[in-house]
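# Geometric and topological summary
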Amino acid sequence: MIERRKVTAAVITAIESEGKPVGNSQTPPNGGWRGAPNADGSNFRPYVVVTPNPSTAPRNTYEGPMSDWQADWQLSYTITSFAVDTNQVEWMADRARLTLHPLVHTELTSGEEVYNVQQVRVDALGGLVRVDATEPPYWAQSDQITIWLSKE
């Protein structure tokens, strides 16, 4: 049986290699505003949030072995980048996506099973969204990716 948290940890570790804070479904403690927004000496540290989405094992009888219907998985994630301007948020999103490509053809141990990453598919590039919760505002971009796994 797959243990998704280990796949999520691999996704987070890959994105952290860029040197920016990454949170699992929430803002990381060292991301965002440092100090009160718009106050002297405050600054915004760009960050990424990885959110696991509902995912399914393929139901098509032509995919994976019939003897193990959970041998293949397509795990969906939303990768949301946050920054203070549009250029920076797009840069953050680009870097986050690029750090995931090296996962292809690596092995991930999940529980007692070993899975091979067959592909990292970018399903959608998100649009820019202005976040007006603070003054000054900041920006977000949410991309959708899918990690395709096959049991070894």
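Our subject is the structure listed above.
Read on for a plain summary of the structure. Every value quoted in this text rests on a predicted model; they were computed, and no experiment measured them.

## Examining the side chain of Gln141
By secondary structure assignment, the location of Gln141 is in strand β9 (residues 138–151). Polar side-chain contacts of Gln141 include one of 3.0 Å to the side chain of Asp143. Those residues in contact with Gln141 that sit more than four places away from it in its chain are Ile79, Thr80, Ser81, Val89, Glu90, Ala93, Arg97, Gly126, Gly127 and Leu128.

## Describing the environment of Pro21
Along the chain, Pro21 turns up in the loop between α1 (4–16) and β1 (22–24). Given the relative accessible area of 4%, Pro21 is considered buried. It is 8.5 Å that separates the C-alpha atoms of Pro21 and Val49, two residues lying 28 residues apart in sequence. In this structure Pro21 touches Pro28, Asn30, Gly31, Arg45, Pro46, Tyr47 and Val48, once residues within four positions along its chain are discounted.

## Focus: the packing of aromatic side chains
Within the structure shown, the criterion is met by five aromatic pairs. Relative to Phe82, the ring of Tyr47 lies with its centre 4.6 Å away and its plane at 20°, an arrangement referred to as stacked. With Tyr47 in strand β4 (residues 47–52) and Phe82 in strand β5 (residues 72–83), the pair connects residues that are 35 residues apart, well separated along the chain. On the accessibility criterion, Tyr47 (4% relative accessible area) is buried. Among the aromatic residues, those joined into a ring-pair cluster are Trp33, Phe44, Tyr47, Phe82 and Tyr138. The ring of Tyr77 has Arg4 sitting right over it, with the charged end atom 4.6 Å from the ring centre.

## Overview of the packing of α1 against helix α2 (residues 86–100)
A pair of packed helices can be characterised by two numbers: the angle between their axes and the separation between those axes. Packing of α1 against α2 brings their axes to within 8 Å, and their N-to-C directions diverge by 120°. With respect to each other, α1 and α2 are oriented oblique. Between α1 and α2 the crossing geometry is right-handed. Together, Val11, Ala14 and Ile15 of α1 and Ala96, Thr99 and Leu100 of α2 make up the contact between the two elements. Of the residues contributing to the contact of α1 with α2, the split by class is five nonpolar, one polar and no charged.

Conventions we followed
Residues numbered from 1 in each chain as written. Predicted model: local features only at pLDDT ≥ 70, side-chain atom pairs only at ≥ 80, totals over all residues. Heavy atoms only, no water. Helix = DSSP H or I, 4+ residues; strand = E, 2+ residues; numbered from the N terminus. Polar contact = N/O pair within 3.5 Å; in protein donor to acceptor, adjacent residues only side chain to side chain. Contact = heavy atoms within 4.5 Å. Buried < 20%, exposed > 50% of the residue type's maximum accessible area, 1.4 Å probe, protein only. Phe/Tyr/Trp six-rings, centres within 6.5 Å; stacked < 30°, edge-to-face > 60°. Lys NZ or Arg CZ within 6 Å of the ring centre and 35° of its normal. Axes fitted to C-alpha atoms, helices over the stretch in contact; angles between N-to-C directions. Parallel < 35°, antiparallel > 145°, perpendicular 65-115°, else oblique. Left-handed = near helix turned anticlockwise from the far one by under 90°. Nonpolar A, V, L, I, M, F, W, Y, C, P; charged D, E, K, R; others polar.

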